[in-house]
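Descriptive analysis of the structure
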Protein chains: 2
Amino acid sequence: MKKRVITISREFGSGGHSIGKAVAERLGISFYDQELLDKIAAETGFSKEFIEEAAEYSTAKNSLLFNLVMNRSLHGRTEPSPADTIYFAQAKIIKNLSERESCVIVGRCGDYILRDNNDCLHIFIYSDTDDRAKRILERYGENEKPIQKRIADKDTRRKIYYSHYTDRPWGIPQYYDLCLNSGALGEEVSVNIITNVFKG
Amino acid sequence: MKKRVITISREFGSGGHSIGKAVAERLGISFYDQELLDKIAAETGFSKEFIEEAAEYSTAKNSLLFNLVMNRSLHGRTEPSPADTIYFAQAKIIKNLSERESCVIVGRCGDYILRDNNDCLHIFIYSDTDDRAKRILERYGENEKPIQKRIADKDTRRKIYYSHYTDRPWGIPQYYDLCLNSGALGEEVSVNIITNVFKG
């Protein structure tokens, strides 16, 4: 079946953002990555920073932030947590976009949210840690945390968030049509493969 | 770097054999799948049937077959097991082939055995259970075991064998350059992707 929408799930630092952007430009279709944050912010009233935090919350389950985001208190849960509110808003937005137009959607559980759409192409982009470290340092520079720890923390957060909302393990091939090792293949080859498959 | 050798790891029934064969034909290079069995049989003196059994031995670790293949007895292990002998022979054969000629190698831990060869392209081919069931029934027909159980058993055996000799989990993207969902993409598209990447 001819594809209309591409979802890209990606490891932090794997170049998934640039690959997705290049694919969208090559195909002349819309690209949603950070743009989704604006829409979710408008829909929920939360700040973009808070939404980003909610999607990759602390792995320390007893942290103040985790409890705030998940709305857990000693007295039990009384209403949907902010994280739930954000997730349901993003699911609605992603579904609407996919119905309205041909586009590339990066992250935010797009693969799961659109899992039953036969006209979606689901891609997972990954790379080895050294390659990701190089890309992250080039793009964002260093910070106080050692790069290997930044990568490990981000991976853990994405895994926890993804599994929490999808009840699936994160990053296993079976949920994707195509998994690309961007470090081994290079970004240009990755873009070519995706655009060729999309065009059918 | 220009690639010389392709290894294909594949789920049972995913079409990895036909895809690999078509890729080799398209590229005009050698194809090794069942052909490896002949070479291992010649090298070790074991029958092809025994070699196949050794590579996917029973998951019942206390079964007679498992103990025979792994050469485990109540009195402890005294020499390399037949399975070890087979594994070391296949590793030697696969390394020699990869040095001698450009080729496609299917299964037998080829991805792991050639993990340090930069001129190898490592592919994992998979598909959903319904698609695999269809392909298996078309190729091998029914037997006394329900198809879902045949698939589950074979998956478990491959996982155990692979992990035993490679100390890696089986079928996770990080060990491959490219993972292709043959059911979603189709065999023809899978062949195109691999040959294009190989040609660079």
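Computed from a predicted structure; not experimentally measured.

Quick look at the overall build of chain A
The number of helices and strands found in chain A is ten helices and five strands. Among the 200 residues that make up chain A, the fraction classed as buried is 54%. When the accessible surface of chain A is totalled, it reaches about 9,500 Å², and 49% of it is carbon and sulfur.

Regarding the environment of Tyr32 of chain A
All names here are of chain A. When you line up the elements, Tyr32 lands in strand β2 (residues 30-32). When its relative accessible area of 8% is taken as the criterion, Tyr32 is described as buried. For the pair formed by Tyr32 and Thr7, sequence separation is 25 residues and the distance between their alpha carbons is 9.6 Å. If we ignore the near neighbours within four places in the chain, the residues touching Tyr32 are Lys39, Leu97, Arg100, Glu101, Cys103, Val104, Ile105 and Val106.

Some details on the pairing of strand β5 (residues 178-181) of chain A
The side-chain alternation of β5 of chain A yields two buried faces, one formed by Leu178 and Leu180 of chain A and the other by Cys179 and Asn181 of chain A. Two strands pair when backbone bridges link them, and β5 of chain A and strand β5 (residues 178-181) of chain B are joined in this way by three bridges, in the antiparallel orientation. Bridge pairing in β5 of chain B places Leu180 of chain A opposite Leu178 of chain B.

Focus: helix α2 (residues 34-44) of chain B
For an α-helix, the turn length of 3.6 residues means that residues three or four places apart are oriented alike. Residues and elements named next belong to chain B. Looking only at α2, the buried set comprises Leu36, Leu37, Ile40 and Ala41. Projected down its long axis, α2 carries its buried residues within an arc of 140°, all on one side. Backbone geometry just downstream of α2 places Gly45 in the positive-phi region, at approximately 85°.

Observations regarding the confidence of the model for chain A
Put simply, chain A has an average pLDDT of 88, and 88% of its residues get 70 or more. Taken element by element, the predicted model of chain A shows its lowest mean pLDDT in helix α4 (residues 64-70) of chain A (56) and its highest in β5 of chain A (98).

Observations concerning the pattern of salt bridges
All names here are of chain B. Applying the stated rule across the entire model yields 28 salt bridges over all chains. Notably, a salt bridge pairs Arg135 with Asp131, separated by 3.0 Å at the nearest N-O pair. Taken together, the positions of Arg135 and Asp131, both in helix α7 (residues 129-140) and four residues apart, correspond to about one turn of that helix.

Some remarks on the packing of α7 of chain B against helix α8 (residues 147-166) of chain B
All names here are of chain B. Contact pair α7 / α8: the axes reach a minimum separation of 10 Å and the direction vectors enclose 100°. Looking at the two axes, α7 sits roughly perpendicular to α8. Contacts between α7 and α8 involve Thr129, Asp130, Arg132, Ala133, Ile136, Leu137 and Tyr140 from the former and Ile147, Gln148, Arg150, Ile151 and Asp155 from the latter. Of the residues in the contact of α7 with α8, the class split is six nonpolar, two polar and four charged.

Some words on the relation of the copies chain A and chain B
With an axial shift of 0.0 Å and an RMSD of 0.0 Å, the rotation relating chain A to chain B amounts to 180°. Both copies of the chain, as the preceding transformation shows, are related through a two-fold rotation axis. Scanning chain A for the C-alpha nearest the rotation axis identifies Cys179 of chain A, at a separation of 2.4 Å. By residue overlap, the copies meet face to face through one surface: 100% of the interface positions of chain A are interface positions in chain B.

Observations concerning the interface of chain A and chain B
Taken together, the 17 residues of chain A in the interface contact 17 residues of chain B. Across the chain A to chain B interface the summed buried area is about 1,400 Å²; carbon plus sulfur atoms make up 60%. Counting every contact that joins chain A to chain B gives zero salt bridges. Our enumeration of links across chain A and chain B arrives at eleven residue pairs in polar contact (both at pLDDT 80 or more). Ranked by residue count, the leading element in the side of chain A that touches chain B is β5 of chain A, at four residues. Its residues placed into classes, the side of chain A that touches chain B shows twelve nonpolar, three polar and two charged.

Some words on the packing of helix α2 (residues 34-44) of chain A against helix α5 (residues 82-100) of chain A
Residue and element names in this part refer to chain A. Axis separation between α2 and α5 bottoms out at 9 Å; the angle between their running directions is 120°. As the angle between them shows, α2 and α5 are arranged oblique. As α2 runs across α5, the sense of the crossing is right-handed. Here Leu36, Lys39, Ile40, Glu43 and Thr44 of α2 come into contact with α5, specifically with Thr85, Ile86, Ala89, Gln90, Lys92, Ile93, Ile94 and Leu97. Looking at the contact of α2 with α5, its residues break down into seven nonpolar, three polar and three charged.

Some remarks on the nonpolar core
Grouped together as the largest cluster of nonpolar side chains are 64 residues, with contacts concentrated most on Tyr87 and Ile105 of chain A together with Tyr87 and Ile105 of chain B. Discounting residues that sit within four places of it in the chain, Ile105 of chain A has contacts with Val5, Ile6, Thr7, Ile8, Tyr32, Leu36, Ile94 and Leu114 of chain A. Counting residues in each nonpolar core, the second largest holds 42 residues, with Ala24, Ile123, Ile125 and Phe198 of chain B among its members.

A look at unusual backbone geometry
Even without being glycine, Cys109 of chain A reaches a positive phi, approximately 60°. Mapped onto the elements of the fold, Cys109 of chain A is located in the loop between β3 (103-106) and α6 (110-113). The phi dihedral of Asp167 of chain B is positive, around 60°, even though this residue is not glycine.

About the thresholds
Residues numbered from 1 in each chain as written. Chains lettered and ligands numbered in written order. Predicted model: local features only at pLDDT ≥ 70, side-chain atom pairs only at ≥ 80, totals over all residues. Heavy atoms only, no water. Helix = DSSP H or I, 4+ residues; strand = E, 2+ residues; numbered from the N terminus. Buried < 20%, exposed > 50% of the residue type's maximum accessible area, 1.4 Å probe, protein only. Areas by Shrake-Rupley, 256 points an atom, 1.4 Å probe, with all protein chains shown as cover. Contact = heavy atoms within 4.5 Å. Pairing = 2+ DSSP bridges. Arc of directions from axis to C-beta. pLDDT = per-residue confidence, 0-100. Salt bridge = Lys/Arg side-chain N within 4 Å of Asp/Glu carboxyl O. Axes fitted to C-alpha atoms, helices over the stretch in contact; angles between N-to-C directions. Parallel < 35°, antiparallel > 145°, perpendicular 65-115°, else oblique. Nonpolar A, V, L, I, M, F, W, Y, C, P; charged D, E, K, R; others polar. Least-squares fit on C-alpha atoms with pLDDT ≥ 70 in both. Buried area = accessible area lost by both parts, 1.4 Å probe. Polar contact = N/O pair within 3.5 Å; in protein donor to acceptor, adjacent residues only side chain to side chain. Left-handed = near helix turned anticlockwise from the far one by under 90°. Core = buried A, V, L, I, M, F, W, Y, C linked by side-chain atoms within 4.5 Å.

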